[in-house]
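Letter by letter, the chains look like this.
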Amino acid sequence: MTDIPTTNPTPPILSTVGIGMRFGGLTALDDVSLDVPAASIVGLVGPNGAGKSTLFNVMSGYLRPTSGTVLIDGVEQTRRSTPQHRAHMGIARTFQHPELFSDLTIREHVTIARRMRLTPRRLWSDVLTGAGLRRNTQPDDEVTEQLLVDLSLSEDADRIATGLPLGVARRVEVARALATDPRVVLLDEPSSGLDEGETAELSEVLVSARERHSVALVLVEHDVDLVLGMSDTVYVLDFGKLIARGAPEMVRSDPAVRAAYLGDDPVAGTAHPAPEPAGTSR
Ligand code: ADP
Ligand code: MG
C-alpha cells in the first residue's frame, strides 16, 4: 500500500495494530493498523462494505477484534474493550444512525453527557439510557450552553428529540460527544443524509472543535471530498485491507485508491465516484 511515513514523534492517543475481524466466514478486517495522533483529523474512507464501521466499532470498544490490539496512549486495551472504559479514556463517538432518546430534550442529552464527565463513575451507558439525569443536582455548567451555541442548537434546546430533522440530530450527537471532554471523537458518516449547507456547517464545527479543544477526530465517511478536505491523514480501506495511507493529496492521486473507487462495489454492485485528481480545489 502507499504509505507516507510521518515525522511527528508524538505518540498517538489511539492506535489499532494488526486488527483482524471475522464474522463467520467473512473477513471484515485484515491486518489493519491505524494511528490517531493528538489533535489530528484522521480520515477513513472506502467503498460500502469495506469495513469502516467495523473498525470504528473495534476502536470504540463495541466489538472485540478477532486478532490484533487497540492501544490508548501506547497501552494495550484488549482486556478492557468496553464502550464505557473507552469513554473514560477519552474516546467518544457518534453513530451512523443517530441514537437519541425520544423523551429527552436536546439540552438534556448534552447535560447528561456533561455530567458523565464530572462523575468518574458515571458510565457511557448512562448517556445512552438517560439514567442519572435527575439524580445529579449539580447546576448545568456553562460548557453545556456554549456547546449548544457552538452547534447552533440553542434555539431548539428545549425541543424533545422525537422527530428532529437528521441534520439537527447529528449536531446533537456531536454536542453530546464533545460534552464528555473527549481526546478523540469517532464520527461515523456524520454527513450522511445532510444537505450541502448542513454538511459545510458541520465540518466547520468539527474543525473548530479540534482547534479550540485540541480534540482529535476520526472521520469515517463515504463523502470522499469532505474527508480529503478536512483530514491531516487519510486511510483507505478496501475489502477489509488498508490500501493507502497518507496526506490527502497523495491519497487522492493514488492509483490503487482510484481503482478501488472505480471498481465494482462488492455490496451494491455499483461503481463509486472517483476521487478528484490531485491539484483540484477542495
Ligand atoms: P462499511 O462501514 O465500510 O460500509 P462495515 O464495516 O459495515 O462496512 O461492513 C464490513 C463487512 O462486514 C460487510 O461485508 C458487512 O456485511 C460485514 N459485517 C459488518 N458487521 C457485521 C456483523 N455484525 N455480522 C456479520 N457481518 C458483518
Ligand atoms: Mg459503515
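Predicted, not measured: the structure shown is a model, and the values here were computed from it.

1. Concerning the nonpolar core
- L151, L153, L178, V185 and V236 are the most contacted members of the largest nonpolar core, which totals 43 residues.
- Residue contributions to this core peak at seven residues, all from helix α6 (residues 166–179).
- Taken domain by domain, the makeup of this core includes at least three residues from each of domain 1 (2–100 + 164–262) and domain 2 (101–163).
- Aside from chain neighbours lying at most four places away, what touches L151 is R171, V174, A175, L178 and V205.
- Grouped together as the second largest cluster of nonpolar side chains are 26 residues, L29, L34, V70 and V218 included.

2. Quick look at the site of ligand 1
- Taken together, F23, L26, A28, P47, N48, G49, A50, G51, K52, S53 and T54 are the residues near ligand 1.
- Here an oxygen atom of ligand 1 sits 2.8 Å away from a polar atom, N or O, in the main chain of K52.
- When ligand 1 is considered free in solution it has 560 Å² of accessible area, and contact with the protein chains removes 59% of it.
- Taken together, the elements giving at least two residues each to the shell around ligand 1 come down to β3 (26–36) and α1 (52–59).
- The residue makeup of the shell around ligand 1, split by class, is five nonpolar, five polar and one charged.

3. A closer look at the pairing of strand β2 (residues 14–23)
- Counting buried residues in β2 gives seven out of ten residues, a clear majority hidden from the surface.
- Two strands pair when backbone bridges link them, and β2 and β3 are joined in this way by seven bridges, in the antiparallel orientation. Along β3, the bridge assignment pairs T16 with L34.
- The turn joining β2 and β3, which pair antiparallel and follow one another in sequence, is formed by two residues; a positive phi near 60° is taken by G24.
- One ladder, built from five bridges, connects β2 with strand β5 (residues 67–72); its direction is antiparallel. Along β5, the bridge assignment pairs T16 with V70.

How each quantity is defined
- Residues numbered from 1 in each chain as written.
- Chains lettered and ligands numbered in written order.
- Predicted model: local features only at pLDDT ≥ 70, side-chain atom pairs only at ≥ 80, totals over all residues.
- Heavy atoms only, no water.
- Core = buried A, V, L, I, M, F, W, Y, C linked by side-chain atoms within 4.5 Å.
- Buried < 20%, exposed > 50% of the residue type's maximum accessible area, 1.4 Å probe, protein only.
- Helix = DSSP H or I, 4+ residues; strand = E, 2+ residues; numbered from the N terminus.
- Domains from an automatic or database assignment.
- Contact = heavy atoms within 4.5 Å.
- Near = heavy atom within 4 Å.
- Polar contact = N/O pair within 3.5 Å; in protein donor to acceptor, adjacent residues only side chain to side chain.
- Areas by Shrake-Rupley, 256 points an atom, 1.4 Å probe, with all protein chains shown as cover.
- Nonpolar A, V, L, I, M, F, W, Y, C, P; charged D, E, K, R; others polar.
- Pairing = 2+ DSSP bridges.

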